[in-house]
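Summary of the model geometry
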Number of protein chains: 2
Amino acid sequence: MKHTPSESESIDNERKHHFIGIDIGGSLFKISECRNCQWNHKIFSTERYDDALIFLKQLVAHDAELTISATGGGSYRLSREMDNYLPCNYQIIDEMEALVLGAVALHDSEMEYPFILMNIGSGVSIVKVESAEVYRRVSGTSLGGGTFRGMAALLAGVSDFKELLELAARGSSQGVDLLVGDIYGSDYSNCGLKATVPASSFGKAGLSSSIPPNCKPEDLVYSLMLMICNNLAHISFLNSQLHNVQRILLAGGFVDGNGMYIQMWLILI
Amino acid sequence: MKHTPSESESIDNERKHHFIGIDIGGSLFKISECRNCQWNHKIFSTERYDDALIFLKQLVAHDAELTISATGGGSYRLSREMDNYLPCNYQIIDEMEALVLGAVALHDSEMEYPFILMNIGSGVSIVKVESAEVYRRVSGTSLGGGTFRGMAALLAGVSDFKELLELAARGSSQGVDLLVGDIYGSDYSNCGLKATVPASSFGKAGLSSSIPPNCKPEDLVYSLMLMICNNLAHISFLNSQLHNVQRILLAGGFVDGNGMYIQMWLILI
């Protein structure tokens, strides 16, 4: 005989199948809801956290016993607002712990330890992961996705990430970067550097013949992407060598939907 | 009896005491002349190499048997112009060799091996030096002095290095960079990061509330200097750990007269 759940059982079941996790980073306020095994994701600007709170309040309506699990720096900074405004529980999870557990859960079947986890958000954390329980933030850099957006806003007047990716896809770094070939006239073979390698990112923009610099916005954004990508690949490679780790896993908002970045990375590493 | 030199002996003596070395980098064309143990240095823009050639021609007048020793990428690129225009010999010395020998000569009495030599010109070379004869370029980055000048030209309309240093000295990164405290509201003590550390260089400039970005030129140039300096300190530190080397020696045009850079470096390392 089929069991018909009582009203209280229905609510209990719903509760068991309703999870909300949020990540409040330097730029983005990310909300993920799972209801009956269906995931929904929504992203707000961290600056507009009011809008995110209104959205969250709707999600948790009639579910005062739900617990929102929060991570990211903003989960600490906004904890008072969360407690005051939301009619449910709010718990902060350490960012590194959530990051590692998330990476392990997503790659469980194919995961081999140890690996370097590069989390590229506004800033960048580099974590050495030896197992789901043993991990350590070994390094980090302030040149991340926030640098790309911020500099692009200043250089090209655009800060929307998707627009920037479209702009960069039409750009070239030849008129902006000083290439090995610009300096040597050819490859610098003594050091194994090809003529097409950027010797100095944005190096051409500071030459007096370029003042006022007449580079096109798409070229500036492309060079910026190349600079950030080169640098992150370099730093992750040094860390992987230093910690004797073969595998590097990329995560974070800067990587999400950024095919150009992945392509550059694969060429570099 | 005092020996009175003959005319040919005088010329020979002068020749022995007359040396010219040049370094033609991505941005700067540096000329150093030693005449009778007196050193003179003159710097031109590599773009205006015509002016440098006229100056060099004057230096070598009446001394056709002098040999100019040249290094830097431009020494290859401009070798035909040199041969055609200058009435003396011209020999190219490998840049890394000249760099290491120069560093060893300047620091001979206090030098302890091994050391990491960071040569920060337009671009950056990182050399592991085990002795004056045994050295290897182990790493490098395109984020160097040329990046500072180029981006500063684009962001603040100034590319003269001295002017930029003066501008940066009046700046602050608080309105430009996204600090750990901006994200977390305080220190991120789990990872040992203080609230005042930049989490994302230029991260504030990409936030929608800052578009159009209203940062002051001096703040942009200061943040740029901090970004380049942080990144170079980071990369040199990773290399020193990777190669098990305690000492890091800084060289190159970006360091010359750049007290702010040295100060930042000392804080970071």
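This one's a predicted model, so the numbers in the text were calculated from it and none came from an experiment.

Let us look at the overall build of chain A. A tally of helices and strands in chain A yields ten helices and eleven strands. Its C-alpha atoms give chain A principal-axis dimensions of roughly 80 × 40 × 35 Å. Relative to its full complement of 269 residues, chain A shows a buried share of 49%. Relative to all contacts within chain A whose residues are 6 or more apart in sequence, the contacts with residues 24 or more apart total 54%.

Residues and elements named next belong to chain A. The four strands lie next to each other as β8-β7-β6-β11, forming an open sheet whose pairing is mixed. Edge positions in the sheet fall to β8 (135-141) and β11 (247-251), since each of these pairs with one other strand and no more. Sheet twist, expressed as the average angle between the axes of neighbouring strands with direction ignored, equals 25°. Summarising the sheet, strand β6 (residues 115-120) and strand β7 (residues 124-129) pair through six bridges and their orientation is antiparallel. Note that in β7 the partner of Leu-117 across the bridge is Val-127.

This next bit is on the nonpolar core. Core analysis: the largest hydrophobic core is formed by 75 residues, its most contacted members being A:Ile120, A:Phe148, A:Leu224, A:Tyr261, B:Leu224 and B:Tyr261. Once residues lying within four places of it in the same chain are set aside, the contact partners of B:Leu224 are A:Met151, B:Phe148, B:Met151, B:Ala152, B:Leu155 and B:Phe202.

As a further point, take the relation of the copies chain A and chain B. One copy of the chain maps onto the other through a rotation about an axis followed by a shift along the same axis. When chain A is fitted to chain B, the best match, at an RMSD of 0.0 Å, comes from turning it 180° and sliding it 0.0 Å along the axis. This pairing of chains is accounted for by a two-fold axis. When C-alpha distances to the rotation axis are compared across chain A, the minimum falls at A:Leu242, with a value of 2.5 Å. Most of the interface of chain A is mirrored in chain B: 100% of its interface residues are interface residues there too.

For the rest of this paragraph, the subject is the packing of aromatic side chains. By the definition in use, this model includes 14 aromatic pairs over all chains. Look at A:Phe148 and A:Phe161: their rings are 6.1 Å apart centre to centre, the planes differ by 85°, and that puts the pair in the edge-to-face class. Note that A:Phe148 is positioned in helix α6 (residues 145-156) and A:Phe161 in helix α7 (residues 161-169), a separation of 13 residues in sequence. Neither A:Phe148 nor A:Phe161 differs from the other in exposure class; each is buried. Grouping aromatic residues by their ring pairs yields a cluster made of A:Tyr76, B:Tyr184 and B:Tyr188.

Following A:Tyr113, the chain continues into A:Pro114 via a peptide bond in cis, with omega recorded as -10°. Mapped onto the fold, A:Pro114 is located in the loop between α5 (95-106) and β6. With a phi angle near 55°, B:Asn244 is a residue other than glycine that sits in the positive phi range. On the secondary structure map, B:Asn244 appears in the loop between α9 (217-242) and β11 (247-251). A residue is classified by how much of its surface remains accessible, and B:Asn244, at 63% relative accessible area, is exposed.

Residues and elements named next belong to chain B. For the pair helix α6 (residues 145-156) and helix α7 (residues 161-169), the least separation of the axes is 11 Å and the interaxial angle reads 70°. Between α6 and α7, the crossing angle belongs to the class labelled roughly perpendicular. Crossing of α6 over α7 shows left-handed handedness. Residues Phe-148, Arg-149, Ala-152 and Ala-156 of α6 form the contact with α7, whose own contacting residues are Phe-161, Leu-164 and Leu-167. Per-class residue counts for the contact of α6 with α7 are six nonpolar, no polar and one charged.

What follows concerns the interface of chain A and chain B. With 62 residues of chain A at the contact, the number on the chain B side is 62 residues. For the pair chain A and chain B, the summed buried surface comes to about 4900 Å²; carbon and sulfur atoms form 62% of the total. Three residues, A:Glu47, A:Leu154 and A:Tyr184, lead the burial of chain A against chain B; their summed loss comes to 12% of the area buried on that side. On the surface where chain A and chain B come into contact, there are zero salt bridges. Of all the elements in the fold, those that place two or more residues in the side of chain A that touches chain B are α3 (73-77), α5, β8, α6, α8 (180-184), β10 (198-200) and α9 (217-242) of chain A. Counting residues per element, the side of chain A that touches chain B draws most heavily on α9(A), which supplies ten residues. Residue composition of the side of chain A that touches chain B, grouped by class: 27 nonpolar, 28 polar and seven charged.

Going through the model one piece at a time under the given rule, you end up with ten salt bridges over all chains. Note that A:Lys30 is salt-bridged to A:Asp23, the shortest N-O span being 2.7 Å. Given the relative accessible area of 27%, A:Lys30 is considered partly exposed. One salt bridge connects B:Lys204 with B:Asp182, and the closest N-O pair in it is separated by 2.7 Å. Note that B:Lys204 is positioned in the loop between β10 (198-200) and α9 and B:Asp182 in helix α8 (residues 180-184), a separation of 22 residues in sequence.

The next point concerns the sheet that holds strand β2 (residues 28-35) of chain B. All names here are of chain B. The five strands are arranged β3-β2-β1-β4-β5 in an open sheet whose pairing can be described as mixed. The open sheet has two edge strands, β3 (38-45) and β5 (89-92), and neither has a second partner. Taken pair by pair, the neighbouring strands of this sheet meet at an average axis angle of 20°, ignoring direction. Pairing analysis gives four bridges linking strand β1 (residues 18-24) to strand β4 (residues 67-71), with the strands arranged parallel. The partner of Asp-23 across the bridge, within β4, is Thr-71.

So, about α5(A). Residues and elements named next belong to chain A. For α5, built from twelve residues, the straight-helix expectation of 16 Å at 1.5 Å per residue is met to within 8% by its first-to-last C-alpha distance of 16 Å. Along α5, the residues that are buried comprise Glu-95, Met-96, Leu-99, Val-100, Ala-103 and Val-104. Along the long axis of α5, the arc covered by the buried residues comes to 160°, so they all point the same way. In this structure, α5 carries Ala-105 and Leu-106 as exposed residues pointing more than 90 degrees from its buried face. Looking at where α5 begins, the residue whose side-chain oxygen comes 3.2 Å from the main-chain nitrogen of Met-96 is Asp-94.

The rules behind these values
- Residues numbered from 1 in each chain as written.
- Chains lettered and ligands numbered in written order.
- Predicted model: local features only at pLDDT ≥ 70, side-chain atom pairs only at ≥ 80, totals over all residues.
- Heavy atoms only, no water.
- Helix = DSSP H or I, 4+ residues; strand = E, 2+ residues; numbered from the N terminus.
- Buried < 20%, exposed > 50% of the residue type's maximum accessible area, 1.4 Å probe, protein only.
- Contact = heavy atoms within 4.5 Å.
- Pairing = 2+ DSSP bridges.
- Axes fitted to C-alpha atoms, helices over the stretch in contact; angles between N-to-C directions.
- Core = buried A, V, L, I, M, F, W, Y, C linked by side-chain atoms within 4.5 Å.
- Least-squares fit on C-alpha atoms with pLDDT ≥ 70 in both.
- Phe/Tyr/Trp six-rings, centres within 6.5 Å; stacked < 30°, edge-to-face > 60°.
- Parallel < 35°, antiparallel > 145°, perpendicular 65-115°, else oblique.
- Left-handed = near helix turned anticlockwise from the far one by under 90°.
- Nonpolar A, V, L, I, M, F, W, Y, C, P; charged D, E, K, R; others polar.
- Buried area = accessible area lost by both parts, 1.4 Å probe.
- Salt bridge = Lys/Arg side-chain N within 4 Å of Asp/Glu carboxyl O.
- Expected span 1.5 Å × (residues − 1).
- Arc of directions from axis to C-beta.
- Polar contact = N/O pair within 3.5 Å; in protein donor to acceptor, adjacent residues only side chain to side chain.

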